[in-house]
Each structure stands twice: as structure tokens, then as C-alpha cells.
Amino acid sequence: MKYGFRFCLLAVCMLCLLLASACISSQPSEPLPGVRELTYGVGAPLPHAEDFFETALPDGYTAKFAEEYSFSHTGSYSIRILVSDKSGKETAFDTSFTLVMDHEPPLIHGVRDLSVCIGDGVSYRNGITVSDNCDGKIELLVDSYAVDLSAEGRYPVFYTAMDAAGNQTVKQITVYVYREVVTEEMLYALLDPIIAANIPSSASKEDKVRAVYDYVYYSVSYDPVSDKNDWVRAAYDGLRTGEGDCYTYFALSKAFFERLGIENIDIKRTEGIVDERHYWSLVNIGTKTEPLWYHFDATRLSGIQHSGCLLTDLQVQAYTRQRFDVSGVNGYFYAYDVTQYPASAERIITPTPSLEPYY
């Protein structure tokens, strides 16, 4: 009789083990998203168990920590999460959580000046994303209170991103509100008389390019603000107002090149080195089959001691080496991905004695 009792007790124990293994299973009834490791900054609200999954859990599923964790100091923690399905069956997931001192502000990507005509709408968040060195929610606020879409003008808009630890970044853009759309026909109606009066049709390509440089350089005074969304409008505004920044000089030069049939390529400084943007061109004064590419920059640069017309790669690299910004940073001015553009001609045709020590 006692053996029968022992057998029944053993059977009950085995059943309990089977039930326990069924409750914590590695094979849930529905596919579950993967888990991820999280890093939070001190001061941020601590994550819930659900936050460790790459996507939301299926309907009816719940997640909890396998034990009560005390994230009381910086460092890395190994944690286990239990996910219960609709029937109560549990699946265990192991991952890690790291707590750090976070003083790094979030980044705002895709902010740019916007252009709109009176009566049109503006989507301020279109194309805007945020990122941070730590996980957790990033709040993005857009302050467009100053914008009046019923009146022509330029208006500031502020983007503020705040991460879960309270670090924040603020970026400003300008919204340009115009009365009308500018077309190439409107631009060339202003440009053609200037070409006729200043650039002989019989001149060589090199002489035409130098004439463009002289006109743009001396006709536009420097203004640090311009709309950089449309080169046609920038060129048009440069002709009308006689002022603008590097984008205006670039755009007006491009308008001349396009109208004169001179092959040109737009170049923009690599972003992220310094806050300021810069634009210039490569122009081909040779032929399609035997091109002669040179850099062209008609911008009025402070302290410059040479022409920016028809420079070689060697010359613009030398200028980049010798120029420092107000913060003492150099190596930025004509910084661009050289693999994406044709190499310049090697022969120097515009002397730059001040740059020779940096060749």
C-alpha cells in the first residue's frame, strides 16, 4: 500500500513539473517580437517591461519583470522578462539594461528653411526626425507662432527636442513667404539684357566665365541670409535686390552658366563639420570629350586675397588648409566628397600667391 502511495505522490510531482514547464515556455502560441538592450540616462523615467521589445506585443499578451529590479546606480544590469499569453503561458526573455550619466543633447535631423507662397500650407514636421545617444522618449516641439502665411516676408521657426533625461537641442529655420512663384522665364527676362551688355557671344568659355565672376562678385553685396530651397528664386532675388549670401552668389552664377550653355556642377560643403553651409560650382571650360573642370566661387569672402574664379583642386584644398573659423577650426571650407565629382584640371590659370605656402 505504501508503494502505491509513493507512486501516486511521484505522479503528482511529475504533473506539477509538467505544468510548470508549460507555464514558462520558449515557444509561445504566437510569434513575439525580439527583445533589445536599452540604455537610459539618469533622471529619465525607468522603462517598463514592454519597452524592451522591438515592437508592440500581440493583443492579449502582457510583460513583466521576473523580479523586482532596483536600478539605483549607473552600470549594466542583466534582467529577465516574462511574457504571458492569453492562456497564462509564460515565455522568458533575457536582456540587459544600462544606466548612464547622460549630458548629451538629442539631435534633430532634416531641418531646413522652407519656402511657401501666400495662401499655401506648411508641413513643419515633414522629413524631420530626432535621435539620441540614449533610449527613451524624445519630445519634439515646433514653435511657428511668428509665421504669417498671409503676408510676404521671412519668419523664424524654432524646433526644440528634449530627451528623457532633460537634455535639449534648439534649431532655428526661416520660412520664406512669397507673393508669387518665380519661373526660369522670369529669371532669364532679367538676366538676358545683362548677358547682352556684358558678355560677348564670341568670347571663349574661359573669358565668359571670368565675365560672370566679375559681374556676380561686384553686383551682389553680402547678406548672411537667403532662401536656399530654389536656385532659380535665389538668383532672381539676387538680381532684384543686389544682396545675398553664398547660395545667392552660387545660384546667380549658375543662372549665367545655364543661359550661356556652360556645363556646371553644384557642390555643397559636407555637413556637420561646422554649422555654416557653403555652395559653389565646378565649371567645364573644355569640351565634353576633353573637359577642363575648375572650381568657381564668386562669394565675397572676408579676408580673401585671391580670386575664386577657375581654381584647381590643389588651390581650393590649400585655401581650406589655411582658413580658420572664429572657433579655431580649419579643414572645413571647401570640404566635400571628392569621389562624387570629376577632378579639376591640373594647370593653374588663376594665380593665388597667398596660397602657395599651403600647396
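A brief structural summary. (Residues numbered from 1 in each chain as written. Predicted model: local features only at pLDDT ≥ 70, side-chain atom pairs only at ≥ 80, totals over all residues. Heavy atoms only, no water.)

What follows deals with the sheet that holds strand β1 (residues 38-41). Spatial ordering of the open sheet is given by β1-β4-β3-β2, a layout of four strands whose pairing is mixed. Edge positions in the sheet fall to β1 and β2 (62-65), since each has one partner strand and no second. On average, each strand axis in the sheet is inclined to that of its neighbour by 35 degrees, with strand direction left out of account. Relative to strand β4 (residues 90-100), strand β3 (residues 75-84) runs antiparallel, the two sharing ten bridges. If you follow L82 over to β4, its bridge partner there is A92. (Pairing = 2+ DSSP bridges. Helix = DSSP H or I, 4+ residues; strand = E, 2+ residues; numbered from the N terminus. Axes fitted to C-alpha atoms, helices over the stretch in contact; angles between N-to-C directions.)

Next up on the list: the sheet that holds strand β8 (residues 139-143). The strand order β6-β10-β9-β8 describes an open sheet built from four strands, whose pairing is mixed. Among the strands making up the open sheet, the edge pair consists of β6 (114-117) and β8. Shown here is a sheet whose adjacent strand axes are inclined to one another by a mean of 25 degrees, direction ignored. Two strands pair when backbone bridges link them, and β6 and strand β10 (residues 168-178) are joined in this way by four bridges, in the parallel orientation. Note on β10: the bridge partner recorded for C117 is Y178.

A complete count under the given rule lists 25 aromatic pairs for this structure. When the ring of F71 is compared with that of F97, the centres are 4.5 Å apart and the planes differ by 50 degrees; the resulting orientation is tilted. Placement of F71 in the loop between β2 and β3 and of F97 in strand β4 is noted, with a sequence separation of 26 residues between them. Given the relative accessible area of 12%, F71 is considered buried. Within the aromatic cluster, the residues linked to one another by ring pairs are Y40, F52, F65, Y69, F71, Y77 and F97. (Phe/Tyr/Trp six-rings, centres within 6.5 Å; stacked < 30°, edge-to-face > 60°. Buried < 20%, exposed > 50% of the residue type's maximum accessible area, 1.4 Å probe, protein only.)

Our next topic: the side chain of S281. Within the fold, S281 resides in strand β14 (residues 279-284). Residue classification places S281 among the buried residues on the basis of a relative accessible area of 1%. In this structure S281 touches F250, I265, Y294, H295 and F296, once residues within four positions along its chain are discounted. (Contact = heavy atoms within 4.5 Å.)

On to the packing of helix α2 (residues 184-198) against helix α4 (residues 231-241). Taken N-terminus to C-terminus, the directions of α2 and α4 make an angle of 45 degrees; their axes are 9 Å apart at the nearest point. Taken together, the axes of α2 and α4 are oblique relative to one another. Crossing geometry of α2 relative to α4 is assigned as left-handed. Two secondary-structure elements touch here, α2 through E184, M186, L187, Y188, L190, L191 and I194 and α4 through W231, V232, A235, Y236, L239 and R240. Looking at the contact of α2 with α4, its residues break down into eleven nonpolar, no polar and two charged. (Parallel < 35°, antiparallel > 145°, perpendicular 65-115°, else oblique. Left-handed = near helix turned anticlockwise from the far one by under 90°. Nonpolar A, V, L, I, M, F, W, Y, C, P; charged D, E, K, R; others polar.)

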